[in-house]
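Coordinates in review
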Amino acid sequence: AYAAAKAFRPALGRPQDFRAERLQPVVESLLSILSQKPKADPRLLAELVDDASSGALQLAFAGDETWLDRSVDIARATLAEINRAAAPDRWIAANITLGRALRLKAERRFDPVLLREGMSYLTEALEALRSEPRFKLAESAAQAIGEAQKLLGTRRKFSISGGGL
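A few points on the structure. (Residues numbered from 1 in each chain as written. Predicted model: local features only at pLDDT ≥ 70, side-chain atom pairs only at ≥ 80, totals over all residues. Heavy atoms only, no water.)

Some words on the packing of aromatic side chains
The condition is simple: Each Phe, Tyr or Trp ring (for Trp, its six-membered ring) is paired with any other whose centre lies within 6.5 Å, and the angle between the two planes then decides the class: stacked below 30 degrees, edge-to-face above 60, tilted in between. Either the NZ atom of lysine or the CZ atom of arginine qualifies as a charge over a ring when it sits within 6 Å of the ring centre and within 35 degrees of the ring normal.
Per the counting criterion, the structure on display carries zero aromatic pairs. When the ring centre of tryptophan 67 is taken as origin, the NZ or CZ atom of arginine 70, which lies over that ring, is 4.1 Å away. The side chain of arginine 84 reaches across the aromatic face of tryptophan 91, ending 3.8 Å from its centre.

Right, here's the structure in full:
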């Protein structure tokens, strides 16, 4: 039912698009379904786990203190079940989710140890992304934009005339 609902309403996969009071029942339903260990397509189960994890984190970001610890626990469990070689994109996303959850918890509890742990998960995800051709292409584009902006800022001709003669 969730997969069909998500097909018709893709925003279900974007928890940041929901207000906390609307998101919470969805996340609780997903966690309830997952706790029953249903027999289903592994890809669908993975999607349910990922959506529950990101939804729990969004609830924590919304200020719901009860979800602060839960989001870290859910993110840890999500990452633990992912095979990096079989699902590298999911592994990267789970590292980012866990890193963000730990950062938020560290911020609220003023805990530098949690902050360093969160940074290590985020760094690991970033390193994995850097090896991807899309990321290298994005870095190249960002560098070219930076160079173009620098050129506009340093060339009097461009800054005075806007590039015209």
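Structure shown, so let's carry the discussion forward.
Regarding helix α6 (residues 112-130)
The condition that has to hold: By definition, any uninterrupted DSSP run of H or I lasting at least four residues is a helix, any uninterrupted run of E lasting at least two residues is a strand, and each is numbered from the N terminus. Given a helix with a known number of residues, its expected span is that number minus one, times 1.5 Å. Relative accessibility thresholds used throughout: buried, under 20% of the residue-type maximum; exposed, over 50%; partly exposed, between the two (1.4 Å probe, protein chains only). It is the directions from the helix axis to the C-beta atoms that the arc portrays. Pairs of residues are marked as contacts when any of their non-hydrogen atoms sit within 4.5 Å. The term polar contact refers here to a pair of N or O atoms within 3.5 Å; inside protein, the definition further demands a hydrogen-donor-capable atom paired with an acceptor-capable atom, and it admits residues adjacent in sequence only when both atoms are side-chain atoms.
Between its terminal C-alpha atoms α6 stretches 26 Å, which fits the 27 Å expected from 19 residues at 1.5 Å a residue. Listing the buried residues of α6 in full gives Leu114, Gly118, Tyr121, Ala125 and Ala128. Down the axis of α6, the sector holding all buried residues measures 85°, keeping them to one side. Those residues of α6 that are exposed and angled more than 90 degrees off the buried face are Val113 and Arg116. Each element contacted by the buried residues of α6 is listed here: α4 (66-80) and α5 (88-109). Where α6 starts, the residue carrying a side-chain oxygen 2.9 Å from the main-chain nitrogen of valine 113 turns out to be aspartate 111.

With respect to the packing of α6 against helix α7 (residues 133-154)
The line we're drawing: In this analysis, axes come from line fits to C-alpha atoms, helices being fitted only over the stretch in contact, and the angle between any two N-to-C directions falls in the range 0 to 180 degrees. Orientation categories follow fixed angle ranges, with anything under 35 degrees roughly parallel, anything over 145 roughly antiparallel, 65 to 115 roughly perpendicular, and all other angles oblique. Gly counts as polar in this scheme, as do all residues outside two lists: the nonpolar Ala, Val, Leu, Ile, Met, Phe, Trp, Tyr, Cys and Pro, and the charged Asp, Glu, Lys and Arg.
Between α6 and α7, the shortest axis-to-axis distance is 6 Å and the interhelical angle comes to 90°. Viewed along their axes, α6 and α7 adopt a mutual orientation that is roughly perpendicular. On α7, the residues that touch Leu126, Leu129 and Arg130 of α6 are Phe135, Lys136 and Glu139. Class assignment for the residues of the contact of α6 with α7 results in three nonpolar, no polar and three charged.

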